[in-house]
Structure formats: C-alpha cells, structure tokens
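Notes for the structure review
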Amino acid sequence: MAQILDGKIAAQKILDTVREGVVTSTQYNFRKPGLAVIVVGDNPASQVYVGHKLKACESVGIFSKEYRLPSSAAMEEVTLAIDELNRSQNIDGILVQMPLPSHLDAINLVNRIDPSKDVDGFTPHNQIRLLQGRKGLFPCTPLGIMRLLEINNVTVRGKHAVILGRSIIVGKPLSTMMLESNATVTVTHSHTEHLKEICQKADILVAAVGRPGFVHGSWIKPGAVVVDVGINRITNPSAAPYLKLSEPERYSQLINKGSLLVGDVRFGEAEQVASFITPVPGGVGPLTVAMLMSNTLDAYRMRKK
Ligand code: GUN
C-alpha cells in the first residue's frame, strides 16, 4: 500500500515558517504584508478556494482584502481595480482568481499586474524568470508540489516525471520546475496518443486534467509516486462508478452529504500500486494556499528592500 503524501501536514510546516517570517519582518512597526484577491462572478468553487486563501492570511498575520466584481464586469472595471492595487502602498500581492467569466481576457488582465506583486507567478516577467532558472514569483500549485515531494524526501533528480495537463497554472510551470530539479519530463495533453503507455513509464505521475477518475490504477507503474492535482466535485454517484468498488467509505460520505470531492486519479486503485500518493482533499490543495502565503511574504520582503 502506498504511503500518503499528507498535504495538510506539509502546508502547516510552511505556514508556521511564514507566520514566523511575518513576525520578524514586522517587528519594528513595519506594516503587515498585504494580499488583494480579485474575484469576478460567483463560481462556487472559486468562492471556496478564495475563502481558504483569506483564512490562511489571517492565520499567518497577512492583511487581506477581497474585491468582488459582478460576473457582468467589463475589462475596464477589472483593469481599473488592478491598476489601483498596483499603486497601493499596503498591497504586496495581487491575485485574480481563475476561471474568469468567458467575456474577459484573462491573459490580458494578468499581464497588467505589477510583476513584483504577481504572487500567482502568471505574468510574462515571472514566467521568463522561471524558464531562465532565476529567482522570482512562481505559480503556487507547482511550487507546492515540489515542496511536498521535498518534505517527504521523494527524489526528483534523474526520475521520469509525466505530467498530465499543460495549463499555465500547473502543467507548464511544473514541467519547468521538474526540469530545474533534473527530472526527465514528459508533458501530455488531450491530443496525446498512447497516454496509458506513457503514464506506465512514469516514476512520478502528476495528474492535472480536471476529470474525475481519469487515471486508472492500471496506468501506474508499481512503486511510482502519484500526485493528484484534480479537485472535482461529484454529485451524481453514477459519474464515478469506480468509487463504489474501491472507496466504500468515501462513497457512503457521498450518499450522506450529497456531494464529494475526488481527484483525477482513482485513489482506491492507485494506492495499491504506487509507493507514495496524494489524497484529495488534503493533498496538493493545502500546499497551493501555503505557497501563496509564502509568495506574499517574499513579495513584501522584496518591496521593503
Ligand atoms: N484557479 C485555480 N488555481 C488557481 C491559482 O493558483 N491561482 C488563481 N489565481 N486562480 C486559480
């Protein structure tokens, strides 16, 4: 049976360090670090994630402010909010929660964020710094995955990492970080042929496709490390028949509470084969939030200099 890569424990370690960092950085009456979160519309998942982010700010002593805009907001309105936050003396980090309503140009909005406040690491400035192997603000989820592996003494160097998904939030930046850590990297996507066979060659398999139960146990090489980035909410049990067989406990929770969070990996099958595996929830999710706090403190320290 696989060992669990516990994201809550790892995130707590990181948050403890950030909390101490905030205390030492603010001891001579310096203002607190500040994070601004822009949310457009009422995507229910976004509401939950942003809630976690704001709560984490409070727990480590970071000032936070949420800017809610209606789903009808025009580019000009969001741009205006970003410009104002770019100028603000009390704000070190600016985050535009994704996904945005489809009428908004997400890339254009993100590109408007001052790179020194880009705690998501999505601006061209920081993307290039990552590609060049220099210091910068980098995307939180891939940073969290690298830290989770490091904290659990999982070696990346020399390993074959297969990443499912090529988003700018996870797949692309993670592939660069894995390369920087001397892994051999394969990035796959919806057009990839022979996906199962490629996955079977992975020493480290990262699933970030947003499809419940996408990765079967039979896709996993015995002893592989499995990182599940998917957070999928299931309300209809027939959408995940595999759960019935492999995860009876979680299945009953589904029936009791009406919905259930599942990853992209069939956990019950995968844990029989893998050496290490992240659960959902309690795997990568908490790390993303912890790295956002860490990035905000870094941005604050850079600003103070
Ligand atoms: N939506 C899902 N993940 C993320 C993230 O890391 N940052 C932002 N801004 N939106 C997201």
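Provided above is the structure to which this section pertains.
Summary of the structure given here. Throughout, a residue's number is its position along its own chain's written sequence, starting from 1. Where local features are concerned, this predicted model is filtered to residues with pLDDT of at least 70; where side-chain atom pairs are given and counted, the filter is 80 or more; whole-chain, interface and lining totals use all residues. Remark: hydrogens and water are excluded; side-chain values derive from all non-hydrogen atoms of the structure.

1. Here we look at the environment of Ile 204
Helix and strand assignments follow DSSP, with helices taken as H or I runs no shorter than four residues and strands as E runs no shorter than two, numbered in order from the N terminus. Structurally, the position occupied by Ile 204 is in strand 7 (residues 204-207). It is 9.6 Å that separates the C-alpha atoms of Ile 204 and Ala 274, two residues lying 70 residues apart in sequence.

2. Here's the deal with the sheet that holds strand 2 (residues 34-40)
The strand order 3-2-4 describes an open sheet built from three strands, whose pairing is parallel. Of all strands in the sheet, those with a lone pairing partner are strand 3 (63-69) and strand 4 (93-96), marking the two edges. Neighbour-to-neighbour, the strand axes of the sheet open up by a mean angle of 15°, direction not taken into account. Whether two strands pair comes down to DSSP finding at least two bridges between them. Lines fitted to C-alpha atoms define the axes here, with helix axes fitted over just the stretch in contact, and angles between the N-to-C directions of these axes take values from 0 to 180 degrees.

3. A short note on unusual backbone geometry
Excluding glycine, a negative phi dihedral is what most residues carry, and trans is how most peptide bonds are arranged. Between Met 98 and the following residue, Pro 99, the backbone shows a cis peptide bond with an omega angle of 0°. Summarising the element assignment, Pro 99 is placed in the loop between strand 4 and helix 4 (106-111). Following Val 280, the chain continues to Pro 281 via a peptide bond in cis, the omega torsion being 0°. Relative to the helices and strands, Pro 281 resides in the loop between strand 11 (276-277) and helix 12 (284-304). With a phi close to 70°, Asn 182 is a non-glycine residue in the positive phi region. Relative to the assigned elements, Asn 182 resides in the loop between helix 7 (171-180) and strand 6 (184-188). Take Asn 182: its relative accessible area is 48%, and that puts it in the partly exposed class. Here His 194, not a glycine, exhibits a phi torsion of approximately 55°, which is positive. Within the fold, His 194 resides in the loop between strand 6 and helix 8 (195-199). Partly exposed residues are those whose accessible area sits between 20% and 50% of the maximum for their type, while under 20% is buried and over 50% is exposed, using a 1.4 Å probe and protein chains only.

4. Re the site of the ligand
Neighbouring residues of the ligand: Lys 53, Leu 95, Val 96, Gln 97, Met 98, Asp 120, Phe 122 and Ile 169. Residues adjacent in sequence count toward polar contacts only when both atoms are side-chain atoms; beyond that, a polar contact is any pair of N or O atoms within 3.5 Å, and within protein one must be able to donate a hydrogen and the other to accept it. Val 96 places a main-chain nitrogen or oxygen 2.8 Å from a nitrogen atom of the ligand. With respect to the ligand, the side chain of Asp 120 contributes an N or O atom lying 2.6 Å from a nitrogen atom. Residue exposure ignores everything except the shown protein chains as possible cover, and the areas themselves are Shrake-Rupley values with a 1.4 Å probe. Computed on the free molecule, the ligand has an accessible area of 280 Å², of which 84% lies beneath the protein chains in the complex. Residues were grouped as follows: Ala, Val, Leu, Ile, Met, Phe, Trp, Tyr, Cys and Pro as nonpolar; Asp, Glu, Lys and Arg as charged; and all remaining residues, including Gly, as polar. A per-class count over the shell around the ligand returns five nonpolar, one polar and two charged. The criterion for a residue being near a molecule or strand is simple. One of its heavy atoms has to lie within 4 Å of it.

5. Comments concerning the packing of helix 6 (residues 140-151) against helix 7
Helix-helix packing is described using two parameters, namely the angle between the two axes and the distance between the axes. In contact at an axis separation of 9 Å, helix 6 and helix 7 are set at 40° when each is read in the N-to-C sense. Where helix 6 crosses over helix 7, the handedness of that crossing is right-handed. The segment helix 6 lies against helix 7, with Pro 142, Leu 143, Ile 145, Met 146 and Leu 149 engaging Pro 173, Leu 174, Met 177 and Met 178. In the contact of helix 6 with helix 7, the residues fall into nine nonpolar, no polar and no charged. Here is the rule for handedness: rotate from the far helix to the near one, and if that takes an anticlockwise turn smaller than a right angle the crossing is left-handed, while a clockwise turn gives right-handed. Contacts are assigned to residue pairs with any non-hydrogen atoms lying within 4.5 Å of each other.

6. Remarks on the layout of surface pockets
Only protein atoms enter the 1 Å grid, on which a cavity is a set of points fitting a 1.4 Å probe that cannot get out and a pocket is an open set with protein on both sides within 12 Å along at least 5 of 7 lines, lining residues being those with an atom within 4 Å of a point. Grid points are joined across faces, edges and corners, and a volume is the space filled by probe spheres set on the points. Volume-wise, the second largest pocket comes out at about 620 Å³. Around the second largest pocket, the lining is made up of 26 residues, and of these Lys 135, Gly 136, Leu 137, Phe 138 and Asp 298 lie nearest the centre. Listing elements by their share of the lining of the second largest pocket, those giving two or more residues are helix 5 (124-131), helix 6, helix 7 and helix 12. Looking at the lining of the second largest pocket, the element that brings in the most residues is helix 12, giving six residues.

7. A few points about the sheet that holds strand 5 (residues 160-164)
Spatial ordering of the open sheet is given by 1-11-8-7-5-6, a layout of six strands whose pairing is parallel. Two strands bound the open sheet, and with one partner strand each, they are strand 1 (3-4) and strand 6. Here four bridges tie strand 5 to strand 7, and the two strands are oriented parallel to one another. When the sheet's bridge partners are listed, Leu 164 is paired in strand 7 with Ala 207. Lying over the sheet, helix 7 contacts strand 5, strand 6 and strand 7, oriented at roughly 175° with respect to strand 5.

8. Section: the nonpolar core
Ranked by size, the top nonpolar core spans 53 residues in total, and within it Leu 149, Met 178, Val 206 and Met 293 carry the most contacts. Per-element accounting of this core gives the leading share, 10 residues, to helix 12. When residues no more than four places from it in sequence are discounted, the contact partners of Val 206 are Ile 145, Val 162, Ile 163, Leu 164, Leu 174, Met 178, Val 227 and Val 229. What is meant by a nonpolar core is a set of buried Ala, Val, Leu, Ile, Met, Phe, Trp, Tyr and Cys residues, joined one to another through side-chain atoms within 4.5 Å. Grouped together as the second largest cluster of nonpolar side chains are 19 residues, Leu 195, Phe 214, Trp 219 and Ala 270 included.

9. Structural notes on the packing of aromatic side chains
Aromatic rings in a pair are described by how distant their centres are and how their planes are angled relative to each other. Under the pairing criterion, centres of Phe, Tyr and Trp rings, with the six-membered ring standing for Trp, must be within 6.5 Å; the plane angle then separates stacked pairs below 30 degrees from edge-to-face pairs above 60, leaving the rest tilted. Tallied over the full model, the rule gives one aromatic pair. Judged by centre distance (5.5 Å) and plane angle (75°), the rings of Phe 214 and Trp 219 are edge-to-face. Each member of the pair, Phe 214 together with Trp 219, is buried. In this arrangement the basic side chain of Lys 304 is found over the ring face of Phe 30, its NZ or CZ atom lying 4.0 Å from the centre. Working rule: Lys NZ or Arg CZ, within 6 Å of ring centre, within 35 degrees of ring normal, means a charge sits over the ring.

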